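Descriptive structure summary
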Amino acid sequence: MRNIAEIYKREIRFYFATPIAYVVIIIFTIIFGFFFYRSLVYYSELSYQLMQNAYYAQRIDLIMGVFSPVFSNNAIIFLMVIPPISMRLIAEEKKSGTIELLFTFPIKDIHIVLGKWLAASTIIVLMLVLTLPAPFMAFKFAGAAEWGPVLAGYLGMLLMGLSFLSLGILISALSENQIVSIIVSYGVLLAFWFLGWIIDPGSGKTIGKVLGELSIIGHLSNFVKGMIDTKDIIYFVLFIFMSLFLTLRVLESKRWRG
Amino acid sequence: MIKIEKVTKLYGQTVAVRDISFEVAEGEILGFLGPNGAGKTTTMRVITGYFPPTDGNVFVAGHSVLDEPLEVKRQIGYVPENPAMYHDMRTIDYLKFIGAVKGVTRTSLKERLNKTIELCALKSVVNKRVGELSRGFKQRVALGQALINDPPVLILDEPTSGLDPKQIFEIRQLIKSMAGERTIVLSTHILPEVSMTCSKVVIINEGEIVAVDTTENLGKSFVRTHQVELVVKGPSKEIKNNLKKIDGIGKVDNVGERYTVEMEKDKDLRSKIAKQVVQNGFELLELKSRSMSLEDVFIKLVTEEEEGDRA
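All values derive from a computational prediction rather than experimental measurement.

Description of the overall build of chain B
When you go through chain B residue by residue, the secondary structure sums to 11 helices and 14 strands. Within the span of chain B, comprising 311 residues, buried residues form 39% of the whole. Taking contacts inside chain B between residues at least 6 apart in sequence as the whole, the part at least 24 apart equals 67%.

Below you can see the structure in the form of structure tokens.
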């Protein structure tokens with residue numbers, strides 16, 4: 001445990017001693033804030049008009065009107081800002097040769113990977129925490145709103161962020177070059193995104209259904225609507241687990257091959 | 001303390017080292033000698049557990065590197081060639097981090113830090129970033145990193161490469177000062193370094209061990225022919241002929257006024273050479289015996305073996 005904690009502390013120190021953490025967090029919150037502001041303004045204008053009609057007035061929904069689109073957009077921001085966090089995690093150690101030190105220390109590979117993963121996860125959690133003023137502000141205006149669906153959205157965001165991160169670490173372990181690492185991360189993440197669009201899952205073909213289930217974005221849609229489905233949670237947890245597992249295998253095979 | 005048993009390491013189809021076996025006794029300083037690409041680093045990486053051998057095994061303090069890698073790694077402090085380090089960290093933080101990762105307990109970490117800083121003379125740079133340090137200090141930080149958990153075994157991969165003569169001297173003194181306390185394996189391609197610091201030598205070439213011996217024996221058996229360097233003014237042909245007349249002289253070569261004269265083993269002919277040159281009316285400007293470089297030893301060793309094969 002102490003090994004993981006030490007690796008974790010070093011990575012956190014690195015993120016905040018260099019501009020990486022600040023740049024990523026600032027860019028993320030600005031874009032998030034902009035999307036939230038646009039949604040809220042649009043929604044309030046819309047709801048003002050809908051209020052004229054008693055039938056529509058009942059159907060005004062803060063979750064579907066504001067948070068669902070904001071969270072969906074957020075997936076794209078995550079796709080942009082998480083690879084810059086993950087790209088260096090292992091690639092940099094390989095490039096500078098410090099991996100040779102870590103490999104000769106009395107610690108296990110899994111401790112190295114977990115320490116790094118937790119440190120980068122902390123940045124993601126921090127980014128999400130910094131967006132919390134948004135729902136608080138929205139709820140000030142809409143007294144009847146519920147927290148539950150918003151928190152479900154946040155859980156979805158977190159799981160998706162951690163999935164992106166885990167895949168990013170795997171790609172970082174495969175490369176020695178950080179630029180290659182980040183570009184491949186973008187490519188693979190986008191591929192996972194579009195997987196569901198290749199064949200329409202509603203077309204009745206099995207392959208379409210399978211691809212749809214493998215696609216990342218499909219598993220986010222329930223969360224952003226405020227629904228927590230065990231299937232989606234399992235998907236993300238497995239995604240994270242598989243990525244980290246493969247990362248360990250990559251490190252091990254690197255060793256055997258020398 | 002360290003036992004290397006028939007270690008073979010392949011990179012794909014390429015053989016890096018083949019069937020290497022030797023032992024290092026406790027407290028011994030072993031010099032691991034060979035030209036670049038001979039397999040020194042590969043062997044050291046196998047010992048440190050950086051990667052497993054393709055075949056064979058290594059035991060450190062009785063622990064197998066294959067079965068108990070963590071236990072082996074706990075015994076070893078390793079300084080890689082061109083030491084890589086986290087350049088963004090201050091020396092003190094770097095050593096603290098390494099100590100903690102290596103499992104030095106919180107209570108003893110402070111004491112270990114102080115001892116390491118003192119031993120490696122790092123006091124003046126504790127608050128500087130590692131990346132800003134000079135090559136010599138970096139090497140000392142790398143040594144500090146290896147020593148922080150007080151390991152009984154030190155593996156040093158070319159600890160003096162890239163340093164200036166004063167730094168080389170300091171690092172050698174430091175290594176020598178640890179003789180007896182720790183078992184040390186150091187690799188180098190500089191022959192005098194071995195004779196200065198090590199008690200035992202393993203010579204490796206093209207992935208195979210060529211010789212294992214004590215430093216003294218190595219000197220005796222390899223320096224078959226003493227070489228003397230002369231600087232003499234005068235016609236070179238005559239000088240060469242004159243030199244060859246001396247009993248026990250082997251080959252005589254010259255580049256301009258600089259002559260290299262080979263003498264038979266166990267014969268010190270320097271005074272005879274001097275006399276011969278001066279008595280024949282040539283101006284002797286310089287005379288010194290030349291120690292053999294590793295390259296010479298290798299050429300000697302390899303060619304002799306080939307001749308032996310033919311016979």
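Brief notes about the packing of helix α2 (residues 20-50) of chain A against helix α4 (residues 62-86) of chain A
Residue and element names in this part refer to chain A. As a packed pair, α2 and α4 sit with axes 9 Å apart at the nearest point and diverge in direction by 160°. Comparing their axes, α4 and α2 come out roughly antiparallel. Helix-helix and strand crossings are classified by hand; for α2 and α4 the assignment is right-handed. Residues I20, V24, I27, F28, I31, F32, F35, F36, S39, L40 and Y43 of α2 lie in contact with α4, whose contacting residues are G65, V66, P69, V70, N73, N74, I77, V81, P84 and I85. Looking at side-chain class alone, the contact of α2 with α4 contains 17 nonpolar, 4 polar and no charged residues.

Some details on the interface of chain A and chain B
Contacts between chain A and chain B engage 21 residues on the former and 21 residues on the latter. When contributions to the side of chain A that touches chain B are tallied by element, the ones reaching two or more residues are α1 (2-17), α6 (98-104) and α13 (230-257) of chain A. The element contributing the most residues to the side of chain A that touches chain B is α1(A), with 7 residues. Here the residues of the side of chain A that touches chain B are counted per class, giving 9 nonpolar, 7 polar and 5 charged.

Here we look at the domain arrangement of chain B
What the domain assignment reports for chain B is domain 1 (2-221) and domain 2 (224-290). Domain 1 of chain B and domain 2 of chain B are separated by 42 Å when their C-alpha centres are compared.

Focus: the sheet that holds strand β5 (residues 63-64) of chain B
Residue and element names in this part refer to chain B. Strand order in this open sheet of 4 strands is β2-β1-β4-β5, and the pairing throughout is antiparallel. Two strands bound the open sheet, and with one partner strand each, they are β2 (14-24) and β5. Note: strand β1 (residues 2-11) against β2, 7 bridges, orientation antiparallel. Looking across to β2, one finds that Y11 is bridged to T14. Here helix α1 (residues 40-48) sits on the sheet and contacts β1, β2 and β4 (55-60); the angle it forms with β1, its principal contact strand, is near 120°.

What counts and what doesn't
- Residues numbered from 1 in each chain as written.
- Chains lettered and ligands numbered in written order.
- Predicted model: local features only at pLDDT ≥ 70, side-chain atom pairs only at ≥ 80, totals over all residues.
- Helix = DSSP H or I, 4+ residues; strand = E, 2+ residues; numbered from the N terminus.
- Buried ≥ 20, exposed ≤ 12 C-beta atoms within 10 Å, placed from the backbone.
- Contact = placed C-beta atoms within 7 Å.
- Axes fitted to C-alpha atoms, helices over the stretch in contact; angles between N-to-C directions.
- Parallel < 35°, antiparallel > 145°, perpendicular 65-115°, else oblique.
- Left-handed = near helix turned anticlockwise from the far one by under 90°.
- Nonpolar A, V, L, I, M, F, W, Y, C, P; charged D, E, K, R; others polar.
- Domains from an automatic or database assignment.
- Pairing = 2+ DSSP bridges.

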